[in-house]
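Reading the structure
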Amino acid sequence: MAGILVLARMEGGSVARSGFELLGAARSLAEPFGERVTAALLGKETSAYLKTLFVQGADLVAEASHPSLGTYAPEAYLSALEQICRSLDPSMILLSADSIGRELAPRLAHRLEAGIVAEVIDVAVTDGIPHLISPAYGGKAMSVFTPKGYPLVVTLKPRAFKPLRADESKHGEVVEIDLDLPPHLLQVKVVEQVKEEAAGVKLEDAKIVIGGGRGLGGPEGFQVLEQLAKLLKGAVGASRAATDAGWVPTSWQIGQTGKTVGPDLYIAVGISGATQHIAGVSGAKTIVAINTDAEAPIFKIAQLGIVGDYKKIVPRLIGKCKELLGR
Ligand SMILES: Cc1cc2nc3c(=O)[nH]c(=O)nc-3n(C[C@H](O)[C@H](O)[C@H](O)COP(=O)(O)OP(=O)(O)OC[C@H]3O[C@@H](n4cnc5c(N)ncnc54)[C@H](O)[C@@H]3O)c2cc1C
């Protein structure tokens, strides 16, 4: 092993949380080998953010500032990452399995002629060998990967790893990477970024998520879920059946082709429990299912199940929560 490199990128004027999650995982892989953890910091003006990466676990920061890295553009980011990897020669390169990481990782692996392991939810070093664990068949089985060679590109499921506790006393080394990003390389130009307006807690950050599915029968069912979510300071998500039907925005979709959530509590309402949906909630600590069909697959993974019509059960839950919260 020759060190681990993680992608830390800027988002909304600060380092994106994903970079801190990757640093946490990288430390547990690097420490048993006495190896260093490097954060590749990509952005336009990044010098003010170096310290935070040391505090969150980096030994070294590869600072790659460039005007073309101000907003995410695939070719620019890919080329910058490739140049950093060629310069520092890490054994493993960790990226978040978010939409950006999913786009960059396979392309980076191809360029570096590296192996790739995707959607990892746990890492360990046993008998001097790194183990990378990722769900298979929508979480029904776990695959354990051990590297047969390096470099290796790895994507980590968002929220599966927690950032380390900040250590303000930590310092590190900075290496400036002189990037070569000629304009002809940049085929995609970001002209505008529009932030989706969202009220309440962000789905990915919520400690309590209530997911609604086809069983709600229409968009009005989601209004009931929103009432419950508001009381519990949670967020509402949806199955693909509900987003495809246009009942709620696609950004609410949870699952294999949607968002990954890792709340303390996930309440699945009118959701059958298809593997593609479950893939997005495997990080939930407790799953509660409400479904009219006692045979629905969701009950196989739920710790607590209520068989019945959500139209009767959810209002009763709302009433009980109000009572307990004194509202
Ligand atoms: C490549 C691919 C990717 C996919 N990606 C995703 C993804 O990211 N996320 C995702 O969710 N799906 C995804 N899917 C779709 C997935 O396979 C399922 O079709 C989908 O999850 C089903 O959604 P559902 O559970 O809401 O609907 P259904 O499977 O139709 O289930 C509805 C449930 O509601 C129950 N119900 C009915 N009435 C009530 C009531 N009044 N009260 C309580 N319960 C009731 C029923 O018993 C049933 O179990 C993907 C599919 C493919 C092929």
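What you are looking at is a predicted structure, and each value in this text was computed from that prediction instead of being measured.

1. So, the overall build of the chain
In terms of helices and strands, the chain carries nine helices and 16 strands. Against the 2.2 N^0.38 benchmark of 20 Å for 327 residues, the chain shows a C-alpha radius of gyration of 21 Å, consistent with a compact globule. With the C-alpha coordinates of the chain rotated into their principal frame, the extents come out at 60 × 50 × 40 Å. Considering the chain as a whole, with its 327 residues, one finds that 48% of them fall into the buried category. Considering only intrachain contacts with a sequence separation of at least 6, the fraction spanning at least 24 residues in the chain is 63%.

2. Considering the side chain of Thr-155
Looking at where Thr-155 falls in the secondary structure, it is placed in strand E10 (residues 152–156). Among the polar contacts made by the side chain of Thr-155, one reaches the main-chain amide nitrogen of Glu-119 at a distance of 2.8 Å. Excluding its chain neighbours within four sequence positions, the residues that come into contact with Thr-155 are Leu-95, Ser-96, Ala-97, Gly-101, Ala-105, Val-117, Ala-118, Glu-119 and Val-120.

3. Concerning the site of the ligand
Neighbouring the ligand are 25 residues, the closest being Arg-214, Ser-239, Thr-257, Ser-272 and Asn-291. Ser-239 is positioned such that a nitrogen or oxygen atom in its side chain is 2.6 Å from an oxygen atom of the ligand. Here Ser-272 contributes a side-chain N or O atom positioned 2.6 Å from an oxygen atom of the ligand. If you list the elements that add at least two residues to the shell around the ligand, you get helix H6 (240–244), helix H7 (275–278) and strand E15 (286–291). When the residues that make up the shell around the ligand are grouped by side-chain class, the tally is six nonpolar, 15 polar and four charged.

4. Structural notes on the domain arrangement of the chain
Taken domain by domain, the chain consists of domain 1 (4–185) and domain 2 (208–325). The straight-line distance from the C-alpha centre of domain 1 to that of domain 2 is 32 Å. At the junction of the two partners, domain 1 supplies seven residues and domain 2 supplies seven residues. Note on domain 1 versus domain 2: buried area summed over both sides is about 590 Å², and carbon and sulfur give 48% of it. In this assembly, domain 1 and domain 2 are joined by zero salt bridges. Viewed at the interface, domain 2 and domain 1 are joined by zero residue pairs in polar contact (both at pLDDT 80 or more). Of the residues assigned to the side of domain 1 that touches domain 2, the class counts are two nonpolar, one polar and four charged.

5. Re the nonpolar core
Counting residues in each nonpolar core, the largest one holds 30 residues, and the members touching the most others are Leu-53 and Leu-94. Among the elements of the structure, strand E1 (4–11), helix H1 (17–30), strand E3 (37–43), helix H2 (50–55), strand E5 (92–96), strand E6 (115–120) and E10 are those that each provide at least two residues to this core. Here the element with the most residues in this core is H1; it accounts for seven residues. Apart from the residues lying within four places of it in its own chain, the contact partners of Leu-94 are Ile-4, Leu-5, Val-6, Leu-7, Leu-22, Ala-25, Ala-26, Val-154 and Leu-156. Ala-62, Ala-76, Leu-78 and Leu-112 belong to the second-largest nonpolar core, a separate cluster that totals 29 residues.

6. Let's talk about the packing of helix H5 (residues 219–231) against helix H9 (residues 310–325)
Two numbers describe how H5 lies on H9: the axes approach to 10 Å, and their chain directions differ by 20 degrees. Between H5 and H9, the angle is such that the two are roughly parallel. The handedness of the crossing between H5 and H9 is left-handed. Facing Gly-221, Val-224, Leu-225, Gln-227, Leu-228 and Leu-231 of H5, the residues of H9 in contact are Tyr-310, Val-314, Leu-317, Ile-318, Cys-321, Lys-322 and Leu-325. Of the residues belonging to the contact of H5 with H9, the class tally is ten nonpolar, two polar and one charged.

7. Topic: the packing of aromatic side chains
Summed over all chains, the structure comprises two aromatic pairs. The interplanar angle of 75 degrees and the centroid separation of 5.0 Å between the aromatic rings of Tyr-72 and Tyr-77 together place this pair among those described as edge-to-face. A relative accessible area of 18% means that Tyr-72 is categorised as buried. Ring geometry for Phe-222 versus Trp-252: centroids 6.1 Å apart, planes at 65 degrees, classification edge-to-face.

8. Observations regarding H5
Every buried residue of H5 is accounted for by Gly-221, Phe-222, Leu-225, Leu-228, Ala-229 and Leu-231. Next to the buried residues of H5 lie strand E12 (208–212), strand E13 (235–238), H6, strand E14 (265–269) and H9.

9. Focus: H9
The end-to-end C-alpha distance of H9, which contains 16 residues, comes to 22 Å, matching closely the 22 Å that a straight helix rising 1.5 Å per residue would cover. Those residues of H9 lying buried are Tyr-310, Ile-313, Val-314, Ile-318 and Cys-321. The arc that holds the buried residues of H9, viewed along the axis, is 135 degrees, so those residues lie on one side. What points out from H9, more than 90 degrees from its buried face, is the exposed set Lys-311, Lys-312, Arg-316 and Glu-323. Where H9 is buried, its residues touch H5, E14, E15 and strand E16 (304–307). The residue sitting at the N-terminus of H9 and contributing the capping side-chain oxygen is Asp-309; that oxygen lies 2.9 Å from the backbone nitrogen of Lys-311. Positioned one or two residues after H9, Gly-326 has a phi angle of 65 degrees, which is positive.

Quick notes on the rules
- Just so you know, the residues in each chain are numbered from 1, in the order the chain's sequence is written.
- Residues qualify for local features only when their pLDDT is at least 70, as the model is predicted, and side-chain atom pairs are given and counted only at 80 or more; totals for whole chains, interfaces and linings, by contrast, use all residues.
- To get the side-chain values, take all heavy atoms of the structure and skip hydrogens and water.
- For the purposes of this entry, the term helix denotes a DSSP run of H or I that reaches at least four residues, the term strand denotes a run of E that reaches at least two, and both are numbered from the N terminus.
- The atom set for the radius of gyration is the C-alpha atoms, and the globule formula is 2.2 Å times the number of residues raised to the power 0.38.
- Burial status follows relative accessibility: with a 1.4 Å probe on protein chains alone, a residue under 20% of its type maximum counts as buried, one over 50% as exposed, and anything between as partly exposed.
- Two residues qualify as a contact provided that any one of their heavy atoms is within 4.5 Å of a heavy atom in the partner residue.
- Polar contact is the term for a pair of N or O atoms within 3.5 Å; when the atoms are in protein, one must be able to donate a hydrogen and the other to accept it, and sequence-neighboring residues count only if both atoms are side-chain atoms.
- The near set for a molecule or strand comprises every residue that places at least one heavy atom within 4 Å of it.
- Each residue is assigned to one of three groups, with Ala, Val, Leu, Ile, Met, Phe, Trp, Tyr, Cys and Pro labelled nonpolar, Asp, Glu, Lys and Arg labelled charged, and all others, Gly among them, labelled polar.
- Where a domain begins and ends is set by an automatic assignment or by a domain database.
- Accessible area, probed at 1.4 Å, shrinks when two parts are joined; the buried area is that loss added up over both.
- A carboxyl oxygen of Asp or Glu within 4 Å of a side-chain nitrogen of Lys or Arg is what we treat as a salt bridge.
- Here, nonpolar core refers to any group of buried Ala, Val, Leu, Ile, Met, Phe, Trp, Tyr and Cys residues whose side-chain atoms link them within 4.5 Å.
- Axis definition: a line fitted to C-alpha atoms, over the contacting stretch in the case of helices. Angles run 0 to 180 degrees between N-to-C directions.
- Each angle receives one of four descriptions, namely roughly parallel if under 35 degrees, roughly antiparallel if over 145, roughly perpendicular if within 65 to 115, and oblique otherwise.
- Handedness of a crossing is defined here by the sense of rotation of the near helix relative to the far one, left-handed for an anticlockwise turn of less than a right angle and right-handed for a clockwise turn.
- Aromatic pairs are defined between Phe, Tyr and Trp rings, using the six-membered ring for Trp, whenever the two ring centres lie within 6.5 Å; interplanar angles under 30 degrees are classed as stacked, those over 60 as edge-to-face, and all others as tilted.
- Given a helix with a known number of residues, its expected span is that number minus one, times 1.5 Å.
- Directions are taken from the helix axis to each C-beta atom, and the arc is the one they span.

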